[in-house]
Amino acid sequence: QNWFEYSGAEHQAVRECVGLIDQSSFGKFLVSGPDAESVLNNICANDIAVPAERVVYTQWLNERGGIEADLTVTRMTEDKFLIVTGVECQVRDLNWLNRNIPSDSRASVTDVTSAYAVLSVMGPQSRDLLSRVVSAELSNEAFPFATSREIDLRYTRVRATRITYVGELGWELYVPVEFAVGVFDALTEHGQDFRLTPVGFHAVNSLRMEKGYRHWGHDISDEDTVIEAGLGFAVALGKNAGFIGREAVLRQKDVGVTRRLVTFILE
């Protein structure tokens, strides 16, 4: 009962004010090199040939069309990409990535998980809070959804990514670990004016289920296809070079599915 009451307070904070989530455990891989784009576009079902500072939500598929990974790819520069995945998938996804990079390609992978803390500021007042501690313009026009760029925050440069796993306005802040405490202190100092509340992973899990967001390992796995999971919107079938699992996805779109992941809304 105590957990339920506290989790309810966290829900309310994210829905109405602003919550602070420590997501430093995210797996983070840096893929760089002249062939980074072509290599990743063969592995990713979605199209990651986007302008710099854009974030792409995508799946990695096997030849059966099953979902091997569910993650985001951020294009940092022309030849540098940041992959972010869940902590429980870090080793697995890194292995899949390395296995599917051709040995003769000019692309390398570095696990930078331990280099960055991730502090997520989520909720309708997240923009107001962050505007107190950064000089960057955070409006919809200047900083639209699925944008990721480096900004100044107190005494460091952080990568601010406008994305959400809880369904509210918010930013994930990727902070060099040596500056994480200072950024945390700045957020909590100014957060008092916005009822800033620490939010745990039980609340995050509940909030993402309310939005129908999938979680690899619970809702989807390598036995589920993107069509069965309702993730066809994140698949770029028209990519010129194709991708791993494309033929299986096309076959299933033609034949149809016999099962489908759905969300029930309880009133």
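Here the residue numbers are simple positions, counted from 1 along each chain's written sequence. Where totals are concerned, whole chains, interfaces and linings use all residues; where local detail is concerned, this predicted model gives features only for residues with pLDDT of at least 70, and gives and counts side-chain atom pairs only at 80 or more. To obtain the side-chain values, all non-hydrogen atoms of the structure were included, while hydrogens and water were left out.

Caption draft 1: A look at the nonpolar core. Working definition of a nonpolar core: buried Ala, Val, Leu, Ile, Met, Phe, Trp, Tyr and Cys residues. They are joined through side-chain atoms within 4.5 Å. We call a residue buried when its accessible area falls under 20% of the maximum for its residue type, exposed when it is over 50%, and partly exposed in between, using a 1.4 Å probe and counting protein chains only. Grouped together as the largest cluster of nonpolar side chains are 23 residues, with contacts concentrated most on Val121, Leu130, Leu153, Trp171, Leu173 and Leu187. Numbering of helices and strands runs from the N terminus; a helix is a DSSP stretch of H or I covering at least four residues, while a strand is a stretch of E covering at least two. Residue assignment for this core shows that the elements contributing at least two residues are β7 (116-122), α4 (126-133), β8 (148-153), β9 (156-161), β10 (170-176) and α5 (180-191). Any two residues whose heavy atoms approach within 4.5 Å are treated as being in contact. Once residues within four sequence positions are removed from consideration, Leu173 is found in contact with Ala117, Val118, Leu119, Val121, Leu130, Leu153, Val158, Arg159, Ala160 and Leu187. Of all hydrophobic cores here, the second largest spans 20 residues; its members include Phe29, Ile48, Leu71 and Ile83.

Caption draft 2: The arrangement of the pattern of salt bridges in detail. Salt bridges are identified by distance alone: a Lys or Arg side-chain nitrogen within 4 Å of an Asp or Glu carboxyl oxygen. Applying the stated criterion to the full structure yields 15 salt bridges. Asp193 is the salt-bridge partner of Arg132, the closest N and O atoms lying 2.9 Å from each other. Here Asp193 lies in the loop between α5 and β11 (197-198) and Arg132 lies in helix α4, a separation of 61 residues in the sequence. Of the residues examined, Arg132 reaches a relative accessible area of 42% and is grouped as partly exposed. Overall, the relative accessible area of 54% leaves Asp193 in the exposed class. Residues Arg208 and Asp219 are paired through a salt bridge, measuring 2.4 Å at the closest nitrogen-oxygen approach. Highlighted residues: Arg208 in helix α6 (residues 201-210) and Asp219 in the loop between α6 and α7 (246-255), separated in sequence by 11 residues. Taking the relative accessible area as the measure of exposure, Arg208 reaches 2% and is therefore buried. The structure contains a network of salt bridges with shared partners spanning Glu68, Arg92 and Asp222.

Caption draft 3: Seen up close, the packing of aromatic side chains. Pairing of aromatic rings covers Phe, Tyr and Trp, the last through its six-membered ring, and needs centres within 6.5 Å; plane angles under 30 degrees mean stacked, over 60 mean edge-to-face, and all others mean tilted. Counting across every chain of the model gives 3 aromatic pairs. Seen from their ring centres, Tyr165 and Tyr213 are 6.2 Å apart, and the 10 degrees between their planes marks the pair as stacked. In this pair, Tyr165 sits in the loop between β9 and β10 while Tyr213 sits in the loop between α6 and α7, placing the two residues 48 residues apart along the sequence.

Caption draft 4: Up close: the sheet that holds strand β2 (residues 27-32). Pairing between two strands requires that DSSP report at least two bridges joining them. The strand order across the open sheet formed by 5 strands is β3-β4-β5-β2-β6, and the pairing between neighbours is antiparallel. In this open sheet, the two edge strands, each paired with only one partner strand, are β3 (54-61) and β6 (108-111). Within this sheet the neighbouring strands show an average axis-to-axis angle of 30 degrees, counted without direction. For every element, the axis is a line fit to its C-alpha atoms; helices are fit only across the contacting stretch, and the angle between N-to-C directions ranges from 0 to 180 degrees. Together, β2, β3, β4 (67-77), β5 (80-85) and β6 form the strand contacts of helix α3 (residues 90-99), whose direction differs from that of β2 by roughly 15 degrees.

Caption draft 5: Region of interest: the environment of Val249. With respect to the helices, strands and loops of the structure, Val249 is situated in helix α7. Judged by relative accessible area, which is 2%, Val249 ranks as buried. Taking the C-alpha atoms as reference points, Val249 and Leu30, 219 residues apart in sequence, are found 28 Å from one another. With residues up to four places along the chain from it excluded, the contact list for Val249 reads Leu61, Val226, Ile227 and Leu237.

Caption draft 6: Quick peek at α6. Ala203, Val204, Leu207 and Arg208 are the residues of α6 that are buried. The arc enclosing the buried residues of α6, seen along the axis, measures out at 130 degrees, which places them on a common side. Count one or two residues on from α6 and you reach Gly212, which has phi positive near 75 degrees. Relevant arc is that of directions from the helix axis to the C-beta atoms, nothing else.

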